[in-house]
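Coordinate inspection notes
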Amino acid sequence: MLKTVVDQTIKFIFLYIIRYVLPFLPHKVICILGEWSGLLTYLLDNRKGQAVKKELKGLFGETFSDKELNNLLRRGLSNLRKCHFETWMFPALNQKKIRNMCFFLGKEHLEE
């Protein structure tokens, strides 16, 4: 019951407050928030974590230890949340922000 209340409160805060602020925050801050969100998901939402861990075990077999799988799971959830947070930046993206977020290799071959 308490977990459901906490989940609903976090969703409410995000959907009605934070998502309107995210597009105007610096990219590094958004990445940090995304990583924290992924870490919270890893620590608090055991159901999702165990489902992903089961899939990873099926995929990799005995290649990785439990500790390595947990580390991979934590990093994967953090990257997923970071991508979600970056998506909320789209309304405020401009050329300068895009240049700061991305870099291109091999620009000299674009005209070929």
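Since this is a predicted model, take the numbers as computed values, not measurements.

Brief notes about the pattern of salt bridges
One pass over the structure, following the stated rule, counts 2 salt bridges. E35 is the partner of K82 in a salt bridge, and the nearest nitrogen-oxygen pair spans 3.4 Å. In this pair, K82 sits in helix α4 (residues 66-87) while E35 sits in helix α2 (residues 27-44), placing the two residues 47 residues apart along the sequence. Look at K82 and you get buried, because its relative accessible area is 17%.

What to know about α4
Count 3.6 residues to each turn of an α-helix, and residues three or four apart come out pointing the same way. Over its 22 residues, α4 runs 31 Å from end to end, which matches the ideal 32 Å to within 8%, given 1.5 Å per residue. Listed in full, the buried residues belonging to α4 are L69, L73, L77, S78, K82 and F85.

Side note on the packing of α2 against α4
Two elements in contact, α2 and α4, have axes separated by 7 Å at closest approach and are oriented at 135°. On the basis of the axis angle, α2 is oblique to α4. Crossing hand, α2 versus α4: right-handed. Contacts between α2 and α4 pair H27, I30, C31, L33, G34, E35, S37, G38, L39, T41 and Y42 from the former with N70, L73, R74, L77, S78, R81, K82, F85 and E86 from the latter. In the contact of α2 with α4, the residues fall into 8 nonpolar, 7 polar and 5 charged.

Comments concerning the packing of aromatic side chains
Following the criterion strictly, the structure yields 1 aromatic pair and no others. Taken together, a centroid distance of 5.0 Å and an interplanar angle of 85° make the contact between F60 and F64 edge-to-face. Judged by its relative accessible area of 31%, F64 is partly exposed.

Observations regarding the packing of helix α3 (residues 46-60) against α4
Remark: α3 packs on α4, axes separated minimally by 10 Å, with the N-to-C direction vectors making an angle of 120°. By the angle between their axes, α3 is oblique relative to α4. In this structure, the crossing between α3 and α4 has a hand that is right-handed. On α4, the residues that touch K48, G49, V52, K53, L56, K57 and F60 of α3 are D66, L69, N70, L72, L73 and R81. Among the residues making up the contact of α3 with α4, the classes are represented as 6 nonpolar, 2 polar and 5 charged.

Thoughts on a nonpolar patch on the surface
Where nonpolar side chains cluster on the molecular surface, the patch consists of F12, I13, L15, Y16, I17 and I18 and spans about 560 Å² of accessible area. Within the secondary structure, F12 is located in helix α1 (residues 2-21).

A few points about the side chain of K53
One can find K53 in helix α3. The side chain of K53 is buried and forms no salt bridge, while D66, the nearest opposite charge, is found at 4.1 Å. Setting aside anything within four residues of it in sequence, one finds K53 in contact with D66, L69, N70 and L73.

Some points on the side chain of S78
Tracing the chain through its elements places S78 in helix α4. Only 3.4 Å separates the side chain of S78 from the backbone oxygen of E35, close enough to count as a polar contact. Those residues in contact with S78 that lie beyond four places of it in its chain are G34, E35, G38 and L39.

Cut-off values and rules
- Residues numbered from 1 in each chain as written.
- Predicted model: local features only at pLDDT ≥ 70, side-chain atom pairs only at ≥ 80, totals over all residues.
- Heavy atoms only, no water.
- Salt bridge = Lys/Arg side-chain N within 4 Å of Asp/Glu carboxyl O.
- Helix = DSSP H or I, 4+ residues; strand = E, 2+ residues; numbered from the N terminus.
- Buried < 20%, exposed > 50% of the residue type's maximum accessible area, 1.4 Å probe, protein only.
- Expected span 1.5 Å × (residues − 1).
- Axes fitted to C-alpha atoms, helices over the stretch in contact; angles between N-to-C directions.
- Parallel < 35°, antiparallel > 145°, perpendicular 65-115°, else oblique.
- Left-handed = near helix turned anticlockwise from the far one by under 90°.
- Contact = heavy atoms within 4.5 Å.
- Nonpolar A, V, L, I, M, F, W, Y, C, P; charged D, E, K, R; others polar.
- Phe/Tyr/Trp six-rings, centres within 6.5 Å; stacked < 30°, edge-to-face > 60°.
- Patch = residues over 30% accessible without salt bridge, like charges linked within 9 Å, V, L, I, M, F, W, Y side chains within 5 Å.
- Areas by Shrake-Rupley, 256 points an atom, 1.4 Å probe, with all protein chains shown as cover.
- Lys, Arg positive; Asp, Glu negative; His and termini not counted.
- Polar contact = N/O pair within 3.5 Å; in protein donor to acceptor, adjacent residues only side chain to side chain.

Bear in mind that shape data such as this cannot, by itself, settle questions of function.
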